[in-house]
Amino acid sequence: MKKTMTISVLAASVALGLGVSGAAFAAKIPAGTPLAAKQEIVRNNGSEAESLDPAIAESVGANNLVRDLFEGLTATDNEGRVVPGVAESWKQKDPTTWVFTLRKNAKWSDGSSVTADDFVYGIRRFLDPKTASTYATTYGAFLLNGVEAAEGKKPVSDVGVKALDKFTLEIKTPYPVAFLPEVVSNGQLGPAPKAAIDKFGKDWVKPGNMVSNGAFVLKEWQVNSKVVLAKNPQYWDNKNVQLTRVTYLPIEDGFADVKMFLSGENDWVYQLPPGTYEKYKAELPKDIRNAPMLGLRYYGLNHKDPVMKDVRVRKALSMVIDRDILAAKITADGQVPAYSAIVRGTSGADVTSYDWAKWPMAQRVAEAKKLLAAAGLKPGSKVKFSYNTSEYHKKMAIFAASEWKTKLGLNTELENMEFKVLLKKRHDGDYQIGRNGWVADYNDASTFLTLVQCGSEQNDNFNCNPKAEALIKQGNQAQNPAQRKQLLTQATKLIMDDYPMIPLLQYTVPRLVKSYVGGYTTKNPMDRYRSKDLYIIKH
Amino acid sequence: MWSYALRRVLMTIPTLLLVITVCYLMLHATPGGPFDTERKVSAAVMANLQAKYHLDLPLWQQYLLYLKSLLQGDLGASFRYADWSVNELVGNALPVSLAIGGGALLLSVIIGVALGIVAALRQNSLIDYFVMLVGNLGSAFPSFVIGPVLILLFAIWLSVLPAGGWNDFDPRYMVLPIALLTFINVSTIGRVMRGSLIEVLNSNFIRTARAKGLPLSTIVFRHALKPALMPVVSVLGPLAISSITSAVVTESVFSLPGLGKLIINGASNRDYTLVLGLVVLVTVFAVILNLLVDLAYAYLDPKIRY
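Thresholds applied
- Residues numbered from 1 in each chain as written.
- Chains lettered and ligands numbered in written order.
- Predicted model: local features only at pLDDT ≥ 70, side-chain atom pairs only at ≥ 80, totals over all residues.
- Helix = DSSP H or I, 4+ residues; strand = E, 2+ residues; numbered from the N terminus.
- Rg over C-alpha atoms; globule rule 2.2 N^0.38 Å.
- Contact = placed C-beta atoms within 7 Å.
- Buried ≥ 20, exposed ≤ 12 C-beta atoms within 10 Å, placed from the backbone.
- Expected span 1.5 Å × (residues − 1).
- UniProt positions renumbered as here; feature names shortened; annotations may be inferred.
- Core = buried A, V, L, I, M, F, W, Y, C linked by C-beta atoms within 7 Å.
- Domains from an automatic or database assignment.
- Pairing = 2+ DSSP bridges.
- Arc of directions from axis to C-beta.
- Axes fitted to C-alpha atoms, helices over the stretch in contact; angles between N-to-C directions.
- Parallel < 35°, antiparallel > 145°, perpendicular 65-115°, else oblique.
- Left-handed = near helix turned anticlockwise from the far one by under 90°.
- Nonpolar A, V, L, I, M, F, W, Y, C, P; charged D, E, K, R; others polar.

**Student:** What should I look at first to understand the overall build of chain A in this one?
**Tutor:** When its secondary structure is counted, chain A shows 17 helices and 20 strands. Over its C-alpha trace chain A gives a radius of gyration of 24 Å, about what one expects of a compact globule, namely 24 Å for 539 residues. Dimensions of chain A along its principal axes, counting C-alpha atoms only, are 70 × 60 × 40 Å. Here the analysis covers contacts within chain A between residues at least 6 apart in sequence; of these, 70% occur between residues at least 24 apart.

As structure tokens, this is what we get:
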């Protein structure tokens, strides 16, 4: 079968992605908005970036910087829509072959053209075992032979990325990946400046050495102090970039972050410290921002544990936690109750729920008690909950423990530990109930499904539903997105009925952003804001 | 005295080796490794990472490799800060810590000794009570309470100083952290100085000096000060080291890019090389400071000769 298909997913990207070139996509400023003379912003990034090398960047903070410094084939705008990046258009030639047409005016900061070869080099370098990128198998899974190359089983030259000519790139996927245009917005799959990397080695990311192709260039980098970016005069869409200087701060202490915001040294609080959302909502109503994002707080249930391997116990524990009270009174920061491994706003599957979620609590408790009795777990029995030390997690854990105590008579032993110790225990299956959380890498249900799929690295519950696994496989092979969505939703429902985990809340990002920062929206489910889309309103 | 100093410096080598070995073993025995993150990487990627940083070798081989590069003055590559070597990280953070810690220490000695002298001479007067009150407050309130209060007052209400951050030794960014550390150190130095001077002033040779009719200033500055400074010098060593190591809180409150920040991030990220590098640095510092303190004793007390 060889037919030319148009992009079949993400309606917005279809509209924007085809046949448009050189159009303005950045900083869509509402007519009549007066701009400030000084277009400079200070954004707190939450922590020091572990690397500015797009192939190695892993944390949210590092990727924020990479998105400003580099541009991939596509990008996502301030409402999370896929927009053209270096590629001005793309086509799905057949179910597993995509062709991206690069714009001819895309330039590196040294003035040279960004070519298809730069993408081939960048992607091969990213997957090369010597680079040792932690994302190698995550994104490599969407490229033909990507995982095999990352694991050193095949040479990187076998990866399904090919320059058809100077400005045409072909990408082959192992199965029909309808959301590939969004995946390739990630810097890991972007171009890399071979000349600079060959010349400076590891130091190519330092100020003065770095050659980049994004809307901004690296001016200054003081570890644990700041990273300063300046507008890139070589950037193809340079005339639509408003900000001339962007300063990223690496402040981890939420209270220090807020104080710098209040004293005017910071325009963007990374995340409000726990328990302060209501206060600042009242005090700074113009600056407070809060919106759900694609992230899930949940408690993992270790299926290797003799008590937790009984589905009746797992179901009872999940049923009695009142998510409404948890969201409204305990965390009190606008988070949304969750009953599925997939959160609202995720493409590729519908959010599932449980019938009991709508029952009155008394009925839920009665049912849960029956389940526990049938499982032979008597009131007074002990369960063990492990979490990493943090006020926030502790508050939630105490609430869960009190729900299990008052409603089921179970005694919970709360065990707190350092983060890395918890990670080790979770990965090794050395726990009973464990705090867990996940933020989507890309907007598709498959990122959340990795938490509950058979043998998945991210599955700390060690559950496996072979029927659901077959449905997911079938869905991934499906060429019709609607059919895939239906299969993945069905699979999610099947898995969630096994109660592999206790979904609790969908993440929100409560933060303060100065009211004069334009371009910030509350419709950005991945919370990815390129500074290209931001501007300073006269104030 | 020089041969004594040389012997002391040579003694550092076995001390350092012991500290490195113990720290090395403790770090590797701690659960969780540098590449354990919320997103668990696949076995193959983990193997890639381990190979990149030689963590795939047997522990003793890694240890010898580390010692070898240490001899060449190379503290290794950082795991947490992938683009930087430990040498670069320490090189960037050390001047910040020295400026804040050293500045605070210098100020605390001047102010602390002066206040201690005044309080000792006016024992049980209002001035004495005031000095003691300041001293007790500085000891009683932890820096994570005083720091934010200073920020609230000077950065948010009065808007005269920045709330935090660092800008190339711009004094405006150094005032509050130095003030905080000075306040805390002054409380220790002031109390020690007062107590010690009172004791010296009550000793026989001072009584003799008084009997000879010497003026008070001569008694204090020529005869009493030197012996009274002994206990102050003793606390200076530990104070200096703690202004670097316990600067963690100050650096967090004021968002400073110093060594404390590196220690915390290094430890929580299992950045073995970074933590070891900092431990080596702090050990060398401690040895040098202790040596200086011991040499100062010889200057202050004629009975001590090396």
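**Student:** I would appreciate a short explanation of the overall build of chain B in the present structure.
**Tutor:** For chain B, the helix and strand inventory stands at 12 helices and 0 strands. Along chain B, from the amino end to the carboxyl end, the secondary structure elements read α-α-α-α-α-α-α-α-α-α-α-α. Considered along the principal axes of its C-alpha atoms, chain B spans approximately 85 × 55 × 30 Å. Relative to its full complement of 306 residues, chain B shows a buried share of 38%.

**Student:** I keep staring at helix H6 (residues 143-157) of chain B and nothing clicks. Help me out?
**Tutor:** Note that an α-helix has 3.6 residues per turn; residues three or four places apart therefore point the same way. Spanning 15 residues, H6(B) covers 20 Å between terminal C-alpha atoms, matching the ideal 21 Å at 1.5 Å per step. Those residues of H6(B) lying buried are Ser143(B), Gly147(B), Leu150(B), Ile151(B) and Ala155(B). On its buried face, H6(B) is in contact with helix H8 (254-262) of chain A together with helix H7 (171-201) and helix H10 (247-253) of chain B. Just downstream of H6(B), Ser159(B) is the residue with a positive phi angle, here 50°.

**Student:** In this structure, what is going on with the UniProt feature "domain: Solute-binding protein family" (unreviewed entry) in chain A? I would like to understand it.
**Tutor:** Summarizing the sequence annotation, UniProt attributes the feature "domain: Solute-binding protein family" (unreviewed entry) to residues 82-456 of chain A in the numbering used throughout. Secondary structure across residues 82-456 of chain A comprises 31% helix and 21% strand; the distance between its end C-alpha atoms is 28 Å.

**Student:** Could you clarify how one ought to interpret the nonpolar core in this entry?
**Tutor:** Grouped burial of nonpolar side chains is what soluble globular proteins tend to show. Core analysis: the largest hydrophobic core is formed by 211 residues, its most contacted members being Val183(A), Ala316(A), Ala341(A), Phe448(A), Leu89(B) and Leu278(B). Two domains share this core, each providing at least three of its residues, namely domain 1 (31-247 + 510-536) and domain 2 (292-508) of chain A. Each residue touching Ala341(A), except ones within four places of it in the same chain, is listed here: Leu296(A), Phe448(A), Leu449(A), Leu451(A), Val452(A), Thr492(A), Ile495(A), Met496(A), Met501(A) and Pro503(A).

**Student:** How should the pairing of strand E4 (residues 87-94) of chain A be read in this particular structure?
**Tutor:** On any regular strand, side chains alternate: one points to one face of the sheet, the next to the other face. All names here are of chain A. Looking at chain direction, E4 and strand E5 (residues 97-102) are connected through 6 bridges and run antiparallel. The partner of Trp90 across the bridge, within E5, is Phe100. The loop that links E4 with its antiparallel partner E5 comprises 2 residues.

**Student:** Is there a simple way to think about helix H16 (residues 466-477) of chain A in this case?
**Tutor:** Residue and element names in this part refer to chain A. Across its 12 residues, H16 extends 17 Å between first and last C-alpha, which sits within 8% of the 16 Å expected from 1.5 Å per residue. Regarding H16, the residues found buried are Ala468, Leu471, Ile472 and Gly475. Seen end-on, H16 carries its buried residues on one side only, within an arc spanning 100°. Buried residues along H16 sit against helix H15 (445-449) and helix H17 (481-496).

**Student:** Honestly, the interface of chain A and chain B in this entry has me stumped. Any pointers?
**Tutor:** Interface size is commonly expressed as the accessible area that is lost once the parts come together. Chain A puts 37 residues into the contact, and the matching count from chain B is 36 residues. Within the residue set of the side of chain A that touches chain B, elements represented by two or more residues are helix H4 (136-140), H8 and helix H14 (419-428) of chain A. Residue contributions to the side of chain A that touches chain B peak at 6 residues, all from H14(A).

**Student:** Is there a simple way to explain the sheet that holds strand E10 (residues 245-249) of chain A in this structure?
**Tutor:** Two modes of strand pairing occur in sheets, parallel and antiparallel, and in both the strands are linked by backbone hydrogen bonds. All names here are of chain A. Taking strand neighbours across the sheet as the criterion, the 4 strands line up as E1-E10-E9-E8 in an open arrangement whose pairing is mixed. Here the strands that pair on one side only, and so sit at the sheet edges, are strand E1 (40-44) and strand E8 (216-222). Across the sheet, the axes of successive neighbouring strands diverge by a mean angle of 20°, strand direction being ignored.

**Student:** What is the right way to look at the packing of helix H11 (residues 323-331) of chain A against helix H13 (residues 391-408) of chain A in this model?
**Tutor:** Residues and elements named next belong to chain A. Closest axis-to-axis distance for the H11/H13 pair is 11 Å, and the angle between their directions is 135°. The orientation of H11 with respect to H13, classified from their angle, is oblique. In this structure, the crossing between H11 and H13 has a hand that is right-handed. For the pair H11 and H13, the contacting residues are Leu326, Ile330 and Thr331 in the first and Lys395, Met396 and Phe399 in the second. Counted by class, the contact of H11 with H13 contains 4 nonpolar, 1 polar and 1 charged residues.

**Student:** I'm lost on the UniProt feature "transmembrane region" (unreviewed entry) in chain B in this one. Help?
**Tutor:** Residues and elements named next belong to chain B. Summarizing the sequence annotation, UniProt attributes the feature "transmembrane region" (unreviewed entry) to residues 9-27, 98-121, 133-161, 173-193, 232-254 and 274-300 in the numbering used throughout. Secondary structure across residues 98-121 divides into 100% helix and 0% strand, with the first and last C-alpha atoms of the span separated by 33 Å. What you have in residues 173-193 is 100% helix and 0% strand, and the ends, taken at the C-alpha atoms, are 30 Å apart.

**Student:** What's the story with the domain arrangement of chain A in this structure? I'm lost.
**Tutor:** Residues and elements named next belong to chain A. When its domains are assigned, chain A resolves into domain 1 (31-247 + 510-536) and domain 2 (292-508). On a C-alpha basis, the centres of domain 1 and domain 2 stand 33 Å from each other. Counting from both sides, the interface comprises 13 residues of domain 1 and, opposite them, 18 residues of domain 2. Classifying every residue of the side of domain 1 that touches domain 2 gives 9 nonpolar, 2 polar and 2 charged.

**Student:** I would appreciate a short explanation of the packing of H6(B) against H7(B) in the present structure.
**Tutor:** When two helices pack together, their arrangement is given by the angle between the helix axes and the distance between those axes. All names here are of chain B. Packing of H6 against H7 brings their axes to within 10 Å, and their N-to-C directions diverge by 140°. With respect to H7, the element H6 is oriented oblique. By crossing handedness, the relation of H6 to H7 is classed as right-handed. Contacts from Ser143, Ile146, Gly147, Leu150, Ile151 and Phe154 of H6 reach H7 at Leu176, Ala179, Leu180, Phe183 and Ile184. Split into classes, the residues belonging to the contact of H6 with H7 amount to 9 nonpolar, 2 polar and no charged.

**Student:** Would you explain unusual backbone geometry in this entry?
**Tutor:** As a rule of thumb, non-glycine residues mostly have phi less than zero, and peptide bonds are mostly trans rather than cis. Residues and elements named next belong to chain A. The phi torsion at Ala132 lies on the positive side, around 55°, for a residue other than glycine. As for its placement among the helices and strands, Ala132 is situated in the loop between helix H3 (116-127) and H4. Classification of Ala132 as buried rests on a count of 22 C-beta atoms within 10 Å. The phi torsion at Ala332 lies on the positive side, around 45°, for a residue other than glycine. Here Ala332 lies in the loop between H11 and strand E13 (336-337).

**Student:** Explanation requested: the environment of Lys281(A) in the structure shown.
**Tutor:** Residues and elements named next belong to chain A. Note that Lys281 resides in helix H9 (residues 277-283). Residue Lys281 is classed as partly exposed on the basis of its C-beta count, with 17 C-beta atoms lying within 10 Å. Through-space distance from the C-alpha of Lys281 to that of Leu512 is 9.1 Å; in sequence the pair is 231 residues apart.

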